[in-house]
Amino acid sequence: MVEVVGDAATVAVLALATMVPITLAALGEIVSEKAGIVNIGLEGIMLLAAWVAAASYLEAGVGYIGAYVLGAIVGLALGLIHGVLSVYLKGDQIVMGIGLNIFAVGATILGTYALWGVFSNSPSFDPMPGLIVVSGVKISPLVPATIALGIVLWAFLQKTVIGLRLRACGEDPRSAEAMGVNVLLYQVMAAGFSGLTAGLAGAYLSIDYQGVFAKNMTAGRGFIALANVAFSGWDPLLALLGGYLFGFFQALAISLNIALQEEALSSIINTIPYLATLAAVAVVARRRVRIPRWIGRPYIKE
Amino acid sequence: MSKGSRKLVEMRGIVKVYPDGVKALDKVDFDLAEGEVHALLGENGAGKTTLMRILYGEIRPTSGMIIVRGKEARWRGPWDAIKAGIAMVYQNFRLVDALTVRENLLIYLSSLGVSRSEAESRIMSVAEDLGLSIPMEARVEDLPMGVRQRVEIVKALSGGARVLILDEPTSNLTPLEAEGLFRLIEKLKKRGVGIVYITHKLREVMSIADRVTVLRKGRVVGRSVRGDRFFSEEKLASLMVGEVLAPQRSLGEPGKDEVLRVESLTVESGEGVIRVRDVSFKVVAGEIVGVAGVAGNGQEELVEAIIGVRKPSKGSVYVNGVRVRSARDFYRAGGGFIPGDRVRALAHELSVADNAAFIYYTGSRAILMTPSRVKQLFHRLVREFGLKAMSPSTPVGRLSGGNQQKVLVGSEFLRGFRVLVAVNPTQGLDVATTAFVRDLIVKASREGVGVLLVSTDLDEVLELSHRILVMSGGRVVGELRRGEASPERVGVLMGGS
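Predicted, not measured: the structure shown is a model, and the values here were computed from it.

Caption draft 1: Representation of the sheet that holds strand 4 (residues 63-68) of chain B in the model. Residues and elements named next belong to chain B. Read from one edge of the open sheet, four strands run 2-1-4-5, paired in antiparallel fashion. With partners counted over all chains shown, the strands left at the sheet margins are strand 2 (23-33) and strand 5 (71-73), one partner each. Within this sheet the neighbouring strands show an average axis-to-axis angle of 25 degrees, counted without direction. Strands strand 1 (7-17), strand 2 and strand 4 of the sheet are contacted by helix 1 (residues 48-55), whose axis makes an angle of about 120 degrees with strand 1.

Caption draft 2: Representation of the interface of chain A and chain B within the structure. Listed as interface residues are 20 residues of chain A and, on the opposing side, 20 residues of chain B. The contact between chain A and chain B buries some 1700 Å² in all, and 55% of this surface belongs to carbon and sulfur atoms. The interface formed by chain A and chain B contains two salt bridges. Put simply, Glu141(B) and Arg293(A) hold a salt bridge, and the shortest N to O gap is 2.6 Å. Across the chain A-chain B interface, the total number found is nine residue pairs in polar contact (both at pLDDT 80 or more). Within the residue set of the side of chain A that touches chain B, elements represented by two or more residues are helix 6 (161-171) and helix 7 (173-178) of chain A. No other element matches the six residues that helix 6 of chain A contributes to the side of chain A that touches chain B.

Caption draft 3: Quick peek at the environment of Thr146(A). All names here are of chain A. Mapped onto the elements, threonine 146 comes out in helix 5 (residues 142-159). It is 34 Å that separates the C-alpha atoms of threonine 146 and glutamate 263, two residues lying 117 residues apart in sequence. Non-local contacts of threonine 146, meaning those with residues more than four positions away in its chain, are made with Val20, Thr23, Leu24, Leu27 and Leu240.

Caption draft 4: Highlighting helix 1 of chain B. All names here are of chain B. For helix 1, a buried count of six out of eight residues is recorded, marking the element as mostly surrounded by other parts of the structure. Regarding helix 1, the residues found buried are Lys48, Thr50, Leu51, Met52, Ile54 and Leu55. Looking one or two residues beyond helix 1, the residue adopting positive phi is glycine 57, at roughly 85 degrees.

Caption draft 5: The packing of helix 10 (residues 236-260) of chain A against helix 12 (residues 272-286) of chain A, seen in detail. All names here are of chain A. Where helix 10 meets helix 12, the closest approach of the two axes is 8 Å, and the angle between their N-to-C directions is 155 degrees. As the angle between them shows, helix 10 and helix 12 are arranged roughly antiparallel. Crossing hand, helix 10 versus helix 12: right-handed. The segment helix 10 lies against helix 12, with Phe246, Phe249, Gln250, Ala253 and Leu256 engaging Ile272, Pro273, Ala276, Thr277 and Ala280. Partitioned by chemical class, the residues of the contact of helix 10 with helix 12 number eight nonpolar, two polar and no charged.

Caption draft 6: Summary view of the environment of Glu304(B). Here Glu304(B) is to be found in helix 9 (residues 299-306). With near-sequence residues (within four places) excluded, Glu304(B) lies in contact with Val309(B) and Arg310(B).

Caption draft 7: Up close: the pairing of strand 3 (residues 37-41) of chain B. Residue and element names in this part refer to chain B. Most of strand 3 sits inside the fold, with five of its five residues counted as buried. With burial as the criterion, each face of strand 3 is covered, one bearing Val37, Ala39 and Leu41 and the other bearing His38 and Leu40. Sheet topology places strand 3 next to strand 8 (residues 194-199); five bridges connect them, and they run parallel. Note on strand 8: the bridge partner recorded for leucine 40 is isoleucine 198. The sheet contact formed by strand 3 and strand 9 (residues 211-216) spans four bridges and is parallel.

Caption draft 8: Structural view of the packing of aromatic side chains. Enumeration according to the criterion identifies 13 aromatic pairs over all chains in this entry. Judged by centre distance (4.6 Å) and plane angle (20 degrees), the ring pair of Tyr57(A) and Tyr64(A) falls under stacked. Classification of Tyr64(A) by relative accessible area gives buried; the value is 18%. Residues Tyr360(B) and Tyr361(B) carry aromatic rings whose centres are separated by 5.5 Å and whose planes lie at 85 degrees to one another, so their mutual orientation is edge-to-face. The two residues Tyr360(B) and Tyr361(B) agree in class, both being buried. Connected via pairs of aromatic rings, a cluster forms that spans Tyr57(A), Tyr64(A) and Phe125(A). Residue placement shows Lys155(B) over the ring face of Tyr108(B); its charged tip is 5.0 Å from the ring centre.

Caption draft 9: Just a nonpolar patch on the surface, in detail. Residues and elements named next belong to chain A. Residues Ile81, Val84, Leu85, Tyr88, Leu89, Leu185 and Met189 make up a contiguous nonpolar surface patch of about 640 Å² in total accessible area. Those elements giving two or more residues to the nonpolar patch turn out to be helix 3 (63-87) and helix 8 (183-210). Per-element tally for the nonpolar patch: the top contributor is helix 3, with three residues. Mapping valine 84 onto the fold places it in helix 3.

Caption draft 10: The nonpolar core, seen in detail. The biggest cluster of nonpolar side chains holds 159 residues, and the ones touching the most others in it are Leu51(B), Met52(B), Ile86(B), Leu164(B) and Ile165(B). By size, the runner-up hydrophobic cluster in this structure holds 38 residues, among which are Tyr361(B), Val374(B), Leu387(B) and Val396(B).

Caption draft 11: Representation of the sheet that holds strand 20 (residues 475-481) of chain B within the structure. Residues and elements named next belong to chain B. The six strands lie next to each other as 16-17-18-13-19-20, forming an open sheet whose pairing is mixed. A strand with exactly one partner marks an edge of an open sheet, and here the two such strands are strand 16 (335-338) and strand 20. The sheet shows a mean angle of 20 degrees between the axes of neighbouring strands, direction not considered. The pairing of strand 13 (residues 288-292) with strand 18 (residues 450-454) spans four bridges and is classified as parallel. Each bridged residue has a counterpart across the sheet, and for glycine 290 the counterpart in strand 18 is leucine 453.

Caption draft 12: The side chain of Glu287(B), seen in detail. Residue and element names in this part refer to chain B. Secondary-structure assignment places glutamate 287 in the loop between strand 12 (274-284) and strand 13. For glutamate 287, a relative accessible area of 7% gives the class buried. Looking at glutamate 287, its side chain comes within polar contact range of the main-chain nitrogen of valine 284, at 3.0 Å. At a separation of 2.8 Å, a polar atom in the side chain of glutamate 287 contacts the side chain of arginine 467. The contact partners of glutamate 287, leaving out residues within four places of it in the chain, are Pro254, Lys282, Val449, Gly450, Val451, His466 and Arg467.

Procedures and definitions
Residues numbered from 1 in each chain as written. Chains lettered and ligands numbered in written order. Predicted model: local features only at pLDDT ≥ 70, side-chain atom pairs only at ≥ 80, totals over all residues. Heavy atoms only, no water. Pairing = 2+ DSSP bridges. Helix = DSSP H or I, 4+ residues; strand = E, 2+ residues; numbered from the N terminus. Axes fitted to C-alpha atoms, helices over the stretch in contact; angles between N-to-C directions. Contact = heavy atoms within 4.5 Å. Buried area = accessible area lost by both parts, 1.4 Å probe. Salt bridge = Lys/Arg side-chain N within 4 Å of Asp/Glu carboxyl O. Polar contact = N/O pair within 3.5 Å; in protein donor to acceptor, adjacent residues only side chain to side chain. Buried < 20%, exposed > 50% of the residue type's maximum accessible area, 1.4 Å probe, protein only. Parallel < 35°, antiparallel > 145°, perpendicular 65-115°, else oblique. Left-handed = near helix turned anticlockwise from the far one by under 90°. Nonpolar A, V, L, I, M, F, W, Y, C, P; charged D, E, K, R; others polar. Phe/Tyr/Trp six-rings, centres within 6.5 Å; stacked < 30°, edge-to-face > 60°. Lys NZ or Arg CZ within 6 Å of the ring centre and 35° of its normal. Patch = residues over 30% accessible without salt bridge, like charges linked within 9 Å, V, L, I, M, F, W, Y side chains within 5 Å. Areas by Shrake-Rupley, 256 points an atom, 1.4 Å probe, with all protein chains shown as cover. Core = buried A, V, L, I, M, F, W, Y, C linked by side-chain atoms within 4.5 Å.

These figures capture arrangement, not role.
Encoded structure:
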C-alpha cells in the first residue's frame, strides 16, 4: 500500500517534468492563435531547437544556459519567419506548418549524422542539474518558470490593454485596424513568441529532460501541445492544468514501463498519453469553446 | 447652415480617379458646420461613401483640398482624421463582436493615447451627457444593432470627435431603433457636433437633415437647405435619380388556382418559444400577398417553415398541392425563394458564375453542371438584369450591394418558379434597382406566379400587394385588401392591437 502511494507520488512529481514542453509550447501557441496565427509547426520547431541546443552544448561548449538561449533564438527565428510568411505574404498557415514539421525531421537527422556520424542520436551527456530533487525526480527551473509564465500570460491577455489589442486581432482584424491596432505587427510578434516558447520547449527536451538528442525525440509533443491549446479553450491557466494532465499520462506510461519491465507491453503502454490526448480533445469538442474567429486566415486589407 | 455657426470642415474640388480610370468623384465641394446635419444623398455608386472616406483619410483624393477649422489638412490615414476630430460610423460597425463593449472602447481610446482610467471617465461622461445607457460588460455580438450603433457613436465622441460621418445609419436598424437614432442626432446637434448623414432614403433626409447635397455619378447635382423650394421628396428624388419614377403601379388580376396554402402553422424557436402561432392563409396564381410587420414578429420563422428549412410544431404547408416537408420538396414543387440577407445567401469569395450556378441548380436533379449553361447564365444576368460585373469569375464580394442583389434575384428568376417567397427583396438597393426588382415581381405575378412578399418596408408591401397580412407577435393580426390598406391602418395593426 505504501509502495502504491509512493509510486503515485512519483508519477505526480514526474508529471511536473513531462508537462514542461507540452505546456510551454501550448502557452506560446495560445498567444499566437489569440492574435489569429496558427502554427502547427510547433513539433518541428521543438525538434530543431532540441537539436540546436544539444549540438551547441556538446560541440560549442556554450553551457546549459547558452544552449537554452540558442534553442530559444532558433525558435524565435522560425516563429518570426512563419509570422512574416503568414501575415505579409498571406501564405497558407497550415501548409507552412506541415512543411516546417517535415523539414525539421530531415534536417535534424542529417545534422546528427554530420556532427556525430550516426543517424539516430547524439552522445549522451548529463542533463542540466535540477533545482531540487523530489521523489528521485529533479525539478528543472523551467517547471516553476512554466507555471509562472502561464499565470503571467493569463494576466497579460485578460488584464492588459496590449493583451486586449492582441485578442482583437484574432477576432476581427478589420475592426481592430479601424480602432488603431497595428494588426500585422501584433500578429508577427505573437507568432514569434509562439516560436520562442516552442524553442525553449525543444531545448528543455534535449539538454534538461533527457541529456541527449535523439531522432524524432519530440514524439508528437508539439501536436499534444496543439491539443492542449484546444483543451484549454485558449486560456493559459487551463493550459497549465491541461499540460499537467497530458504530462501526467506521459509520466504514468514511463512509470508503468519501468515497473513492469515488459518489452511486449511497452508499446501499448506508450500509447496512453496519445489516447488520453484523443479522449481529452474529443471531450472538448463537445464543450463549446470560444475559438478566435479570424484564426488561421490571413488578414488582407482593402 | 444655421447662421453664425463655424465651419468644421470644408472639401474643395475633390476629384478621385481610380487606377482603372473610373472617375468616382468630379470636382465635388462639400462643407459642414457645427451643430448641423448635412445629408449626402445619392444612389448606390454615386460616390457618397467615397467622398466621406476621403474626408476620413481612408482614400487619398486625386486632387482637391480638405480644410479643417480653417487649416488645410493632409491625411496619411484615418488616424490623422480621427485625431483631428473626424469619426466615421460604418454601415457594418467596426467593433470586435467577441469582445465586450468596454474592451472595444478601451482599444480605441488607448490608440489615441488615453489612459485606462481617463477612458472610463470619458465614456461615462459622454454616455451620461447624452442620456444613453451603455451595457459596458456585454459582448458586442449579444447586442441589438441599435445598441451597437450607440456604442460606435459613444466611441467616436469619447475619442473627441466633432464631426460624425454616419454611413447609411438606418440600414441595419428596426424602425423603433431608427427613431432612437434620430433623437440622439438631435442631442448631438445641440452639443455642436456636425453630422454628415450618408443615405439614399429620402424620407430620412426630410425628417432630420438641415442641408442636403445630392450626388449623382460622382458629381454634385443639387444642393438644398431645409425650407427652400428644392427641399421636397419629389424634387430630391428627381435630382438623385435623374428621371421621374412612376409613382403608382398597376397590378395584374389574380387567377383562381391555389398555389400556396399554409394551414394552422405553429413554429417554435430552438429554445421552444412559439414564434409563429396558428397562421393560415393561401395565395392564388397571379396574386401578390404581402406580409407586413416589425422585424422579429415571426416573419423569419414563418418563411423558414414555408420553404421547408424549419420544421413546424403544428400545421402544414402546400406548394402546388404538394406537402412541403423539406427544402427539396419546396423547390421541386415549383417554389422560388429570395432570401432577405444577401450577405449570408451569397458565398462572397466565390465567383459570380459559381453563385449564380448554385442558385440556378437549387432543387435540380442534374448531377453535372453544364458549363455552357453556366456561362449563358452569366450573360443573361448581364443582359436581362443589368448586372455590372467584370467577368463571370469576379468574386461576388467585390460587387456592389445592388449588383449582388441582381445576382441573387436574377439567378432565381432564371431558374423559374410558380410560387415565389421573397423576403425584403429590395433591402439596401438604390432607387433604380429597387424599381427594377419590383417590376420583376409584378411581371412574374402577371405571368401567373403566386408571390408571398415578406417585407419590413411598408411602402413596398403597400405598393406591390393585392392583399396584406399584418403580423404581430407571431400571429396574423389583420388582413387588408389593396385599396383599403393605408400606411396608417397597417401601422396600427403592426403595433399589435
